[in-house]
Every structure is written in structure tokens, then in C-alpha cells.
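# Structural features, examined
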Amino acid sequence: MRIITLLFLFSSLAHGQVKISESMIAAAVEKNPDLQSVRHRLESAEKLKGSLLRSFLPKVTASYGREKYTTGPYNWINQPHGGIEAKINLFNSGRDSLAEEVRSRGALLAAIDATIARSTVISETRKAMAHFAYLVEIQVILREALLLNDSNLRSGQKRKNAGLATSTDLLDFRQQKIELSQELEGLEYEKGVVNRLISTLLGQDPEETVEVDFINSHPEHGDQQAPSGQLRTSLLLQRALVQSDIAAFDKKLANLWWAPSLELYGYALRFTQKEREYADPEQRNDVTFGFRFTLPLFDGGTGLRESAARESMARAQEAQTRAKQLELARETKNASKKLQLAHNLIHGAEDNVTVTAQYRKGILSEYARGIKNSPDVLQASQRWIEAKIKFAEVKKNYQFAQAESIYFRSLSTETEKEGSLK
């Protein structure tokens, strides 16, 4: 029975573990709570569209109530009142049209935010996975270094036994072993931090371990994806333009504070005896049709102040749009140059690993012949470790630059935008 229980627990844990690879990122981030929040805001904005047509439909209300009086000639009289009322907006000086434009731009802005949020989460997830793969590679390097250090320690012990070295020669290797072991422990902690970050990006419980299928690999020639140079198609710029449009419509709306409005109304109501002094209830029924023309003449200057404020906000948004255009051009160029630099540095770092490996091999050979001592071996080993770590770091930097490049491209491709909004 105990064996069956253990097997059941093991299978449950194995089934519950989340696995993520680069090809699965787009689908896996759909549970991200921030992304879901933006999409719910998009749904909210979409439901407000179409208000222009609805503003010209009749507004109908029905009411019913009773009143009981305790003063005057109506003391203790209890009478019902109510009926039905309707009114229709005939003319509002274009306010309804401008308000609909603001709502439509708001829905478009929410749609752009949803796409940007999705691309951002995908990019952050890809970077986190690349960093996790980098930490795994560093672990492999340090474990290999530990094995080589143990080999050096054994060689040093043999030299000591042969009278070619003293006990102090062994201390260098023992100290390096302690340092490497401590670095491995720190890496394990950092891997846990990154793993929990990936879990939260995927909308998972941080306690749930994610199996990351990502290799900090050397990129193939021509594999890099440079950011698109078409800034006009970037959603980051389109977002700024939409915000500028909203500010412009708000300004026009505020400028209409003085504009007239016209509405048609009618009602069929039964009033109380207090409002219509007739004892017969039928005589208190009233059916009315009419129109109301409203022309604001003076509001204490509030409308003018609001109009001036909205105009300043519109100018500020135009300047912000220009600033965003320049910022986007700079970031896109930086991402392209960073990608190119990271790819170029990989070859030098790879050659450096080869050179330090050859140097270390030569030092070990001379150490075995008694020409070199333990500090020389330790220095050669340290240079080899640093070169391997630098190579891994350069590859990680390339993966980060690639993620940024893909991010900008995803916001500049029409097919990607359409797929993101579905």
C-alpha cells in the first residue's frame, strides 16, 4: 500500500510540472495575469464602442411609487404615482460624435496595449530562459573545474610524496575547491530565483518548478533577426499617435462648452393630489409631448478654463509623440548594433577558450615535469575558467539582444499584430 501511495505521489508531481521551450513561449504566456488584465480592459473598451448610434435612441424609463402625507388637508392620504417617460436626443452640437471618437480611440489603445503586453511578457520570458540556460552552463563549467582541480590535487599529492613539492602546494588546490563549491551553491540559489520568475511570467505558482528546455547555444551565421527599420509600423509609435488623437478630440469636446442642444421628450404620468389638486385620480393623469432647447450662456469661466487646459494637454501629447518617435528610433538602432556586437564577440570568446585550454594543457605538462609549480597551475586553471564563463556570458548577451530584436520585430509585423489580438 505504501509503494502504491508513493507511486501515486510521484506521478502527480511529474504530471503537474510545467515544461517550457522557446517554441512554447507564445502559448504558455497566455495565463500571465498582467496579460489577462490588459485583455479584460480591451473587452471593456470594446463594449463602449457604438455609443454614437445609441445616443440618438430614445431613453425610456418607467416609475412607480406611493406617498403618504401627514400635514395640511392631505393628512394620512396615501396615493400612488408614476408612469412612463421618454426623451430623444435630436441635436448635441457634435458632442456625441466626438465622444464616440474618444471611445473608439480608447478601444484601439487598449488593443495596442494588449499586443505590447503580450510581446513584452514573451520577451521577458525568453530572457529569463536564456539566463537560466546560462546559469546551467556555468554550473557545468564549475563542475568540470572541480573535477580538474581534484585531478590537480592528486597530482600535487604525488609530487609531495616524491619530494618534489611541499604541503603548502596543496593548499592552493584546496582553496580553489572551496571557492568553486561556494560558487556552485550560489548558482543553485540563483537558478531558483530565475525559475520562480519564469513561473510567475507563465501565471504559475512560484512554488511550482518549471522545466526549462533552452540551450545557451552558439548562433548560426545569418540566424540573427535584426529589428525592423520601419518605425511607422511600430505599435509603440502607433500608441503615442493614438494618445495624441485622444487628446485632440478631448480638446475639441471641451471647446463645445457653449454649444446648444435639443431634445424631444414626452411622458404619461399619474401625479398625486398634492401635485394636481383633483380628487378624481383620472384627472391627475397627464400626457405631455414637448421639446427642450438648451444654450449655455455663462458657466463662471469653467468651460474656457477647461478648454485651455485640454489644448495644453494636446500640445504636450504631440511633443510626447515626437519624443517617443526619437526614443524608438534610438532603441531600435541600439538593439540592432547590440545584436551585431554580441554576434561578433562570440567568435573572439570562443577563440579565447581554445587558447586558454592549450595554455592550461601546457602548464600541466610542465608541472608534471617539475618545471612549473602549483600557483602556475592554479593561474592557468583560473584563466581557463574565466574564459569559459566569458564565452557563456557572451552567448547569453547574444540571446538577450536577440530577444530585444524579436520584441521590436513583433511590434512591427502586421501578421504578428493580427495574431496577437485574436
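## Quick notes on a nonpolar patch on the surface
The grouping of Leu90, Phe91, Leu264, Phe291, Phe293, Leu295, Leu297 and Phe298 at the surface amounts to a nonpolar patch, some 930 Å² of accessible area in total. In this structure, leucine 264 sits in strand E5 (residues 261-270).

## With respect to the packing of helix H7 (residues 235-255) against helix H8 (residues 302-368)
The N-to-C vectors of H7 and H8 enclose an angle of 170 degrees; their axes lie 8 Å apart at closest approach. Taken together, the axis directions place H7 and H8 in an arrangement best described as roughly antiparallel.

## Quick notes on the confidence of the model for the protein chain
The share of residues in the protein chain with pLDDT of 70 or more is 89%, and the mean pLDDT across the chain is 82. Within the model, pLDDT remains below 50 along residues 1-15, and this stretch shows 0 contacts once partners closer than five positions in the same chain are excluded. Confidence drops under a pLDDT of 50 for residues 414-422, and excluding neighbours within four residues, the segment shows 13 contacts in the predicted structure.

## Observations regarding the packing of aromatic side chains
Applying the stated criterion to the full structure yields 2 aromatic pairs. Ring geometry for tyrosine 267 against phenylalanine 271: centres 6.4 Å apart, planes inclined by 80 degrees, an arrangement best described as edge-to-face. Here tyrosine 267 and phenylalanine 271 have matching classes, each one buried. Ring centres 5.5 Å apart and planes at 65 degrees place the aromatic pair tyrosine 407 and phenylalanine 408 in the edge-to-face group. For arginine 383, the ring lying beneath its charged end belongs to tyrosine 359, and the centroid distance is 4.3 Å.

## With respect to the pairing of strand E3 (residues 78-91)
Across 10 bridges, the pairing between strand E2 (residues 59-68) and E3 is antiparallel. Across the sheet, arginine 66 pairs through a bridge with proline 80, a residue of E3. When E3 meets E5, the two strands line up antiparallel, connected through 9 bridges. In the sheet register, glycine 83 faces E5, and the bridge partner there is leucine 269.

## Concerning the pattern of salt bridges
Applying the stated criterion to the full structure yields 18 salt bridges. Glutamate 263 is the partner of arginine 292 in a salt bridge, and the nearest nitrogen-oxygen pair spans 2.4 Å. Taken as a pair, arginine 292 in strand E6 (residues 285-294) and glutamate 263 in strand E5 lie far apart in primary sequence, 29 residues in all. Among the ionic pairs, lysine 324 bridges to glutamate 327, the shortest N-O distance being 3.9 Å. You can see lysine 324 and its partner glutamate 327 sitting in helix H8, 3 residues apart, about one turn around the helix. By relative accessible area, lysine 324 is classed as partly exposed at 23%.

## Some thoughts on the sheet that holds E5
Spatially, the 4 strands line up as an open sheet ordered E2-E3-E5-E6, and their pairing is antiparallel. Edge positions in the sheet fall to E2 and E6, since each has one partner strand and no second. Each neighbouring strand pair of the sheet contributes to a mean axis angle of 20 degrees, computed without reference to strand direction.

## As for the nonpolar core
The biggest cluster of nonpolar side chains holds 40 residues, and the ones touching the most others in it are Ile20, Ile198 and Val212. Looking at which element gives the most residues to this core, the answer is helix H5 (residues 95-161), with 19 residues. Not counting residues within four places of it along the chain, the set of residues in contact with isoleucine 20 comprises Ile25, Ala28, Met129, Ile198, Leu202, Val210, Glu211, Val212 and Asp213.

## Some remarks on the environment of serine 21
By the element assignment, serine 21 lies in strand E1 (residues 18-21). In this structure the C-alpha to C-alpha distance between serine 21 and aspartate 213, which are 192 residues apart in sequence, comes to 4.7 Å. Within the local environment of serine 21, its side chain forms a polar contact with the side chain of serine 23, the two groups lying 3.2 Å apart.

## Looking at the packing of H5 against helix H9 (residues 374-410)
In contact at an axis separation of 9 Å, H5 and H9 are set at 170 degrees when each is read in the N-to-C sense. The pairing of H5 with H9 is recorded here as roughly antiparallel in orientation. Considering only residue class, the contact of H5 with H9 consists of 17 nonpolar, 8 polar and 9 charged.

Definitions and cut-offs
- Residues numbered from 1 in each chain as written.
- Predicted model: local features only at pLDDT ≥ 70, side-chain atom pairs only at ≥ 80, totals over all residues.
- Heavy atoms only, no water.
- Patch = residues over 30% accessible without salt bridge, like charges linked within 9 Å, V, L, I, M, F, W, Y side chains within 5 Å.
- Areas by Shrake-Rupley, 256 points an atom, 1.4 Å probe, with all protein chains shown as cover.
- Salt bridge = Lys/Arg side-chain N within 4 Å of Asp/Glu carboxyl O.
- Helix = DSSP H or I, 4+ residues; strand = E, 2+ residues; numbered from the N terminus.
- Axes fitted to C-alpha atoms, helices over the stretch in contact; angles between N-to-C directions.
- Parallel < 35°, antiparallel > 145°, perpendicular 65-115°, else oblique.
- pLDDT = per-residue confidence, 0-100.
- Contact = heavy atoms within 4.5 Å.
- Phe/Tyr/Trp six-rings, centres within 6.5 Å; stacked < 30°, edge-to-face > 60°.
- Buried < 20%, exposed > 50% of the residue type's maximum accessible area, 1.4 Å probe, protein only.
- Lys NZ or Arg CZ within 6 Å of the ring centre and 35° of its normal.
- Pairing = 2+ DSSP bridges.
- Core = buried A, V, L, I, M, F, W, Y, C linked by side-chain atoms within 4.5 Å.
- Polar contact = N/O pair within 3.5 Å; in protein donor to acceptor, adjacent residues only side chain to side chain.
- Nonpolar A, V, L, I, M, F, W, Y, C, P; charged D, E, K, R; others polar.

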